[in-house]
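Topology and contacts: notes
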Amino acid sequence: MAPRKGSLEAAFARKEKGDTLTTPPSKQSQVATNGADGTPEAPAKRRRLEKGVAQTTPTKPEKVLEKVPEVTLHSGETGPWSLWHGGSAGKDAKELQCPAFDPKLREAEFPVGKPVSFSLLSGALLEIEELKGSGKGSRKTMTVILSNLFRLLMHVQPQDIIAAVYILINKVAPDYEAAELGVGDSIIIKALCENFGRSEATIKHSLASGEAKDLGEVALQSRMSQKMLMMPPKLTIAKVFSEMKAIAHSAGKESQKAKKEKIQKLLVASRGEEAKFIVRMLQAKLRIGIQIPTLLQALAYAFTLTKPGQPSGPAAVTDRRKGQAKLSAAELEPQMIVMEAAVRQAFSELPNFDKLIGALMEGRDGSSLLEVCRISVGVPVKPMLAKPSKGIAEVGERLAGKRFTGEWKYDGERAQIHVLSRDVIQIYSRNSENMTEKYPDVIEVVKQSLAEDVHSCIIDSELVAFDQVNKKILPFQVLTTRGRKNITVEDIKVNVCLFAFDCMLINGQPLVKEPLEVRRDKLWKILWPSEGKVTFAVYRNFSDINEEEIQAFLDESIAGSCEGLMLKTLTENATYEPSKRSLNWLKLKKDYLEGMADSIDVVPIGAYYGKGKRSGAYGAYLLAIYDQENEEFQTVCKAGTGFSDEDLVTHYGFFKTHQRPCAETNYNVNDKLKPDVWLEPCQVWEIRAADLSISPVHTSAFGVKADGKGIGLRFPRFLRIRDDKTPEESTGAEQIVEMFEAQASVSGTAAADDDF
DNA sequence: GTTGTCTGCCC
DNA sequence: ATTCTGC
DNA sequence: GCAGAATGGGCAGACAAC
């Protein structure tokens, strides 16, 4: 058994929360208790702002124009210009890969105004894929290809840029406009089987043997060996996108069949490598090394080098490095840098490619883009995220010499609350999904909690399941049982409390460029807490690194049913601008800390073939503990992370020779977890997890905490092999139960037994 | 009407 | 969510 | 340090199958 005593004791040391009232941040320096214990009076009665928001909102107008950063010309080494001048020698300027690419040179092949063949996009994807991992400068070349693709489209068929971008990110609409493809591996496999006369078994075998690294390659191989007499017309970018939209929009009876048939039609019409990318696109796993940040960079460069024509204005310029008005490197590089920053910021504030590209097509550049792509109520903003920190020492290094704050990290659901008006309130998730329908109760309570002079705002917060009778935070797992659609306030079974911690806009004024200290101050003035409904995240400010105080605050947060702490600078580098650094906050959780986390010794009893870069090895393992009483191995989780590439190879090599044709008789495994390969119980692994939860599929401590259910692990990851243990010496079922009961969010609540 | 499977989305 | 890796 | 790509548990909701 690995050390874990510390965590148990810490978790048992449940702190009774006092009834301390909150005070505004301006009047306090160190407040550790607040919120849930606010006064019970109706907020409306207490609502009286001494200093109204109107007076505290910034008097200076919000800057729209970004100050042009101090730009030093990199010319050659690291700056964007290094992508666009080097490496052209010997390359054909007709090739997308070539930095000197000029869209005009491809006019014969891609006539202006004609729909563009999907093979152009597919070809670019293939080139990019082939560059992946090919060493120095390969990422740069990938960006160049993408940029040049956009430049070409800009010249010949601008409306295809949006289609191409959506295809590249495997979506059909912005995240906040619910439009999901509703296609998964299962439906794709069915489509492939029927279409190419293959069986599911041969497809599985193809993947297991490494013959194909993913379903895209399966599709491609099947398509290649298919003889076609009559070829449907070539696919165009526009056609593929419209089919994707059609797939996303099909719903109701027989919709699965309809989706399958659309997929098959696309595959039949595909040529060359297209089938591979169509399938991957439907899986939302293009896996060619391009995600949104790279896409934004490529767009920025494309719209710097090439200028779209305007309806009644300047004509298009395909290559601003050429012609009479040509610009020098010294002029273009700063433009690229500013454009890239502006595009990133624009997408962060308005994550909508239609609008972003629309603005770029209008000719907006680094200095004017943000005038139209700005944070606004009703459109979710990209949220600030936090980087995991390995320990308090690391936190100290990062924050040394800066004023910072620690906030309790609540275990709930991120909620970005948009008050469009006092009557219209919307709620968005961490990933910009619209959750308004899920939380009518929150909307009501926010309405009642707004200070009088607030008519619009955007608030960042966490929604946490909350026991209104016992005034206690409930586990995340309780929150997940809430319904999501057609929810009415009357039949809500899982109540929540809102813990607010940031504020990005008030009364039309963006606050994203204000430091956290200012934003928090304003937040506290626009929202009135009410017990168990709305409050502020508990925080404590620090002006110096004091490891003991941070540790103590961390312990308090865990005793208070939280996951740990969020650590944020207050003044320096403390704006709300994920475009600049998406992981600008730090998170400190007990399971990151050596000796404070539950670490568990388990036995690998099954394995699953890896996909993509894991193909050719096992990508994940099925892990079990040994239950002495029942003399059987009971599963607790699968593990697919924590392995170095070397580990993956070692494990594969080892377990290849310890396979079993079927499960051992003393394996207690749910059918839904059936691994690709069964393993002999012959090794012990130490793994780590954040929490334990009641599991519908895992069998450890089966029936002990809930009828017909076992206990599973949340966020499991591999740590190391324990050569000093035998499988029978792995963690026992009774220890799993102890760990489950020791969790601060479970102990002392009614949920401790059989409530699941 | 019930049950099972699949998908997307929370973490 | 966590984690590892190439650049 | 960023960006990307592997992978986890578990829930509701939508459909399909029975």
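Residues numbered from 1 in each chain as written. Chains lettered and ligands numbered in written order. Predicted model: local features only at pLDDT ≥ 70, side-chain atom pairs only at ≥ 80, totals over all residues. Heavy atoms only, no water.

Per an unreviewed UniProt entry, chain A goes by the name DNA ligase and belongs to Symbiodinium natans. In its Catalytic activity (unreviewed entry) section, the UniProt record describing chain A reads: "ATP + (deoxyribonucleotide)n-3'-hydroxyl + 5'-phospho-(deoxyribonucleotide)m = (deoxyribonucleotide)n+m + AMP + diphosphate." Under the UniProt heading Sequence similarities (unreviewed entry), the note attached to chain A is "Belongs to the ATP-dependent DNA ligase family." (UniProt positions renumbered as here; feature names shortened; annotations may be inferred.)

Observations regarding the overall build of chain A
Regarding its fold elements, chain A presents 24 helices and 22 strands. Counting the 756 residues in chain A, one finds 55% classified as buried. Long-range pairs, those at least 24 residues apart, make up 74% of the contacts in chain A between residues at least 6 apart in sequence. Carbon and sulfur atoms form 51% of the exposed surface of chain A, whose accessible area is close to 32600 Å². (Helix = DSSP H or I, 4+ residues; strand = E, 2+ residues; numbered from the N terminus. Buried < 20%, exposed > 50% of the residue type's maximum accessible area, 1.4 Å probe, protein only. Contact = heavy atoms within 4.5 Å. Areas by Shrake-Rupley, 256 points an atom, 1.4 Å probe, with all protein chains shown as cover.)

Observations concerning the domain arrangement of chain A
Its domain assignment divides chain A into domain 1 (28-170 + 290-372), domain 2 (177-283), domain 3 (385-593) and domain 4 (600-747). On a C-alpha basis, the centroid separation for the pair domain 2 and domain 4 is 34 Å. (Domains from an automatic or database assignment.)

Regarding the nonpolar core
With 91 residues, the main nonpolar core has Phe150, Phe353 and Leu356 as its most contacted residues. Per element, the largest residue contribution to this core is 9 residues, and it comes from helix α6 (residues 138-156). Looking at this core, you find at least three residues from each of domain 1 (28-170 + 290-372) and domain 2 (177-283). When neighbours within four sequence positions are excluded, leucine 356 is seen to be in contact with Leu296, Leu299, Val343, Ala346, Phe347, Leu369 and Cys373. One finds Ile375, Ile392, Cys497 and Tyr576 within the second-largest nonpolar core, a separate group that totals 38 residues. (Core = buried A, V, L, I, M, F, W, Y, C linked by side-chain atoms within 4.5 Å.)

Description of the pattern of salt bridges
Within the structure shown, the criterion is met by 45 salt bridges. For arginine 688, the salt bridge goes to glutamate 594, with nearest N and O atoms at 3.4 Å. Within this pair, whereas arginine 688 is found in strand β19 (residues 685-689), its partner glutamate 594 is found in the loop between β12 (585-589) and β13 (598-609), the two being separated by 94 residues in sequence. When its relative accessible area of 8% is taken as the criterion, arginine 688 is described as buried. With its nearest N and O atoms 2.3 Å apart, the salt bridge here joins glutamate 664 to arginine 660. For arginine 660, a relative accessible area of 32% gives the class partly exposed. By sharing partners, the salt bridges in this structure join Glu129, Asp214, Glu217, Glu273, Lys276, Arg280 and Arg287 into a single network. (Salt bridge = Lys/Arg side-chain N within 4 Å of Asp/Glu carboxyl O.)

Brief notes about the sheet that holds strand β1 (residues 386-388)
Reading across from one edge, β1-β12-β11-β2-β10 is the order of the 5 strands in this open sheet, with mixed pairing throughout. The open sheet has two free edges, formed respectively by β1 and β10 (539-542), since each of these has just one partner strand. Along the sheet, successive strands turn relative to each other by an average axial angle of 30°, direction set aside. The pairing of strand β11 (residues 564-569) with β12 spans 4 bridges and is antiparallel. Within β12, the position partnered with leucine 567 by the bridge is leucine 586. Docked against the sheet, helix α22 (residues 547-559) engages β2 (404-409), β10, β11 and β12, running at close to 175° with respect to β10. (Pairing = 2+ DSSP bridges. Axes fitted to C-alpha atoms, helices over the stretch in contact; angles between N-to-C directions.)

Overview of the packing of aromatic side chains
Counted by the stated rule, this structure contains 26 aromatic pairs. Relative to phenylalanine 499, the ring of tyrosine 410 has its centre 4.0 Å away and its plane inclined at 20°; by these criteria the two rings are stacked. One end of the pair, tyrosine 410, is in the loop between β2 and β3 (413-419); the other, phenylalanine 499, is in strand β7 (residues 496-506), with 89 residues separating them in the sequence. Residue tyrosine 410 is classed as buried on the basis of its relative accessible area, which comes to 5%. When its relative accessible area of 2% is taken as the criterion, phenylalanine 499 is described as buried. A ring pair is formed by tyrosine 609 and tyrosine 618, whose centres lie 6.1 Å apart and whose planes are at 35°; its orientation type is tilted. Note on tyrosine 609: relative accessible area 32%, which makes it partly exposed. Of the residues examined, tyrosine 618 reaches a relative accessible area of 1% and is grouped as buried. (Phe/Tyr/Trp six-rings, centres within 6.5 Å; stacked < 30°, edge-to-face > 60°.)

Focus on the protein's contact with DNA strand D
The local shell around DNA strand D holds 43 residues, among which Gly252, Gly289, Gln291, Thr294 and Ser695 are the closest. When atoms of DNA strand D within 4 Å of the protein are split into backbone and base, the sugar-phosphate part holds 93%. Within the contact set of DNA strand D, a phosphate oxygen lies 3.2 Å away from a backbone nitrogen or oxygen of glutamine 256. Separating a phosphate oxygen of DNA strand D from a backbone N or O atom of lysine 613 is a distance of 3.0 Å. Elements with a contribution of two residues or more to the surface near DNA strand D: α12 (255-269), α14 (292-305), β14 (618-627), β15 (632-639), β20 (691-695) and β21 (710-714). In terms of residue class, the surface near DNA strand D is made up of 11 nonpolar, 18 polar and 14 charged. (Near = heavy atom within 4 Å. Polar contact = N/O pair within 3.5 Å; in protein donor to acceptor, adjacent residues only side chain to side chain. Nonpolar A, V, L, I, M, F, W, Y, C, P; charged D, E, K, R; others polar.)

Some points on the protein's contact with DNA strand C
Contacts to DNA strand C come from 16 residues, most closely from Gly135, Arg430, Tyr592, Thr641 and Arg717. Here DNA strand C approaches the protein such that, of its atoms within 4 Å, sugar and phosphate make up 90%. Within the side chain of lysine 589, one N or O atom sits 3.2 Å away from a phosphate oxygen of DNA strand C. In this structure, arginine 717 approaches DNA strand C through a side-chain N or O atom, which is 2.7 Å from a phosphate oxygen.

Details of the UniProt feature "domain: ATP-dependent DNA ligase family profile" (unreviewed entry) in chain A
Feature annotation in UniProt assigns "domain: ATP-dependent DNA ligase family profile" (unreviewed entry) to the following positions: residues 489-627. The span residues 489-627 shows a helical share of 17% and a strand share of 38%, and its end C-alpha atoms are spaced 44 Å apart.

Digging into the environment of valine 183
Counting through the fold element by element, valine 183 comes out in the loop between α7 (159-169) and α8 (185-196). According to the relative accessible area criterion, valine 183 is buried, its value standing at 13%. Between the C-alpha atoms of valine 183 and lysine 259, which are 76 residues apart in sequence, the distance is 7.8 Å.

Topic: the pairing of β15
Here is the key point about a regular strand: its side chains alternate between the two faces of the sheet. For β15, the tally of buried residues reaches 7 of 8 residues, placing the bulk of the element in the interior. Pairing of β14 with β15, which is carried by 7 bridges, proceeds in the antiparallel orientation. Each bridged residue has a counterpart across the sheet, and for aspartate 627 the counterpart in β15 is glutamate 632. Of the pairings in the sheet, the one linking β15 to strand β17 (residues 667-668) comprises 2 bridges and is parallel in character. When the sheet's bridge partners are listed, phenylalanine 633 is paired in β17 with tyrosine 667.

Description of the environment of lysine 580
By secondary structure assignment, the location of lysine 580 is in the loop between β11 and β12. For the pair lysine 580 and phenylalanine 542, spaced 38 residues apart in sequence, the C-alpha separation works out to 24 Å.

Observations concerning the confidence of the model for chain A
Should pLDDT be low for a region, the predicted coordinates there are not to be read in detail. Taken over all residues, the pLDDT of chain A has a mean of 90, while the share at 70 or more is 88%. Here residues 1-71 is modelled with pLDDT under 50, and outside its nearest four sequence neighbours on either side it reaches 142 contacts, counting other chains as well. (pLDDT = per-residue confidence, 0-100.)

Some thoughts on unusual backbone geometry
Of note in this structure, asparagine 486 is not a glycine but carries a positive phi near 50°. Within the secondary structure layout, asparagine 486 lies in the loop between α20 (476-479) and β7. Judged by its relative accessible area of 66%, asparagine 486 falls in the exposed class. One non-glycine residue with positive phi stands out, namely phenylalanine 715, at about 55°. Within the secondary structure layout, phenylalanine 715 lies in the loop between β21 and β22 (717-721). On the accessibility criterion, phenylalanine 715 (42% relative accessible area) is partly exposed.

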